[in-house]
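Next come the chains, spelled out residue by residue.
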Amino acid sequence: MNEVDDILDEAPFYIEQVAIRQVKDKVYYSKTPITTPKAAVDVFGEMLRFYDREVMGIVNVDANMTPINVHICSMGSLDRTIVNPREMLKASILSNAVGVVMIHNHPSGNVEPSEQDIYITKRMAAVYGLMGIELMDHLIVGNAETYYSFAESREMPKNDITFNNLINQDTGLEI
């Protein structure tokens, strides 16, 4: 044994305990249910319109479609942001959300969805579906009053992959 091994053998072994908690940030007050894409844009679009880079947020809603909170899960560059499903899900699960609205900005003002926007919408519809949370819409906010709604445009992916469907396929049991 050498001197380092002797020190390590004598030193107590410490493991840090960690906890996952929500940290409250700026308050956006609204008791207005999110029943239309315009309602979501009216409440949360203002916070995204003036960023000089792409920002992705998740609006978590309860069973009455009332916003619980909004979580900024990604801040990127002028024309893109990297979105990780795990970061998007975290606040939704901790908030006990029944549904979510994805909302992000396009600083260029062009609200037409990119291929990446379409891909992440499909991917997140499947991921949220597996968690029993409905992805209600994906909104892209431009400048002034422009926005694009996947739901209004009938572009929201149909989500056949849900936890209950998987259980039924695997076991034939109803939940």
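Presented here is a report on the structure given in the accompanying data block. Keep in mind that what you see is a predicted model, and the values were worked out from it rather than measured. (Residues numbered from 1 in each chain as written. Predicted model: local features only at pLDDT ≥ 70, side-chain atom pairs only at ≥ 80, totals over all residues. Heavy atoms only, no water.)

Turning to unusual backbone geometry, a few remarks are in order. Even without being glycine, M65 reaches a positive phi, approximately 70°. Within the element layout of this structure, M65 appears in the loop between β1 (55-61) and β2 (67-75). In this structure M65 comes out as partly exposed when scored by relative accessible area, which is 25%. Even without being glycine, N96 reaches a positive phi, approximately 55°. Note on N96: relative accessible area 63%, which makes it exposed. (Helix = DSSP H or I, 4+ residues; strand = E, 2+ residues; numbered from the N terminus. Buried < 20%, exposed > 50% of the residue type's maximum accessible area, 1.4 Å probe, protein only.)

Turning next to the pairing of β1. Taken across its 7 residues, β1 has 7 buried, putting it largely inside the fold. Covered by surrounding structure in β1 are V55, G57, V59 and V61 together with M56, I58 and N60, the residues of both alternating faces. When β1 meets β2, the two strands line up antiparallel, connected through 7 bridges. Residue pairing across strands places I58 opposite H71, the latter belonging to β2. Taking the residues between adjacent antiparallel strands as the criterion, β1 and β2 are bridged by 5 residues, where M65 takes a positive phi near 70°. Looking at chain direction, β1 and strand β3 (residues 99-105) are connected through 6 bridges and run antiparallel. Bridge pairing in β3 links M56 to H104. (Pairing = 2+ DSSP bridges.)

Attention now goes to the environment of S114. In this structure, S114 sits in the loop between β3 and α4 (115-130). In sequence terms S114 and R80 are 34 residues apart; their C-alpha atoms lie 9.8 Å from each other.

Where charged atoms from two side chains of opposite charge come close, those side chains can pair. All chains considered together, the criterion is met by 3 salt bridges. Residue D79 pairs with R80 through a salt bridge whose shortest N-O separation is 3.4 Å. What makes R80 exposed here is its relative accessible area of 54%. The partner of E87 in a salt bridge is K90, with the nearest N and O atoms 3.2 Å apart. One end of the pair is E87 and the other is K90, both in helix α3 (residues 85-94) and 3 residues apart, which spans about a single turn. According to the relative accessible area criterion, K90 is partly exposed, its value standing at 37%. (Salt bridge = Lys/Arg side-chain N within 4 Å of Asp/Glu carboxyl O.)

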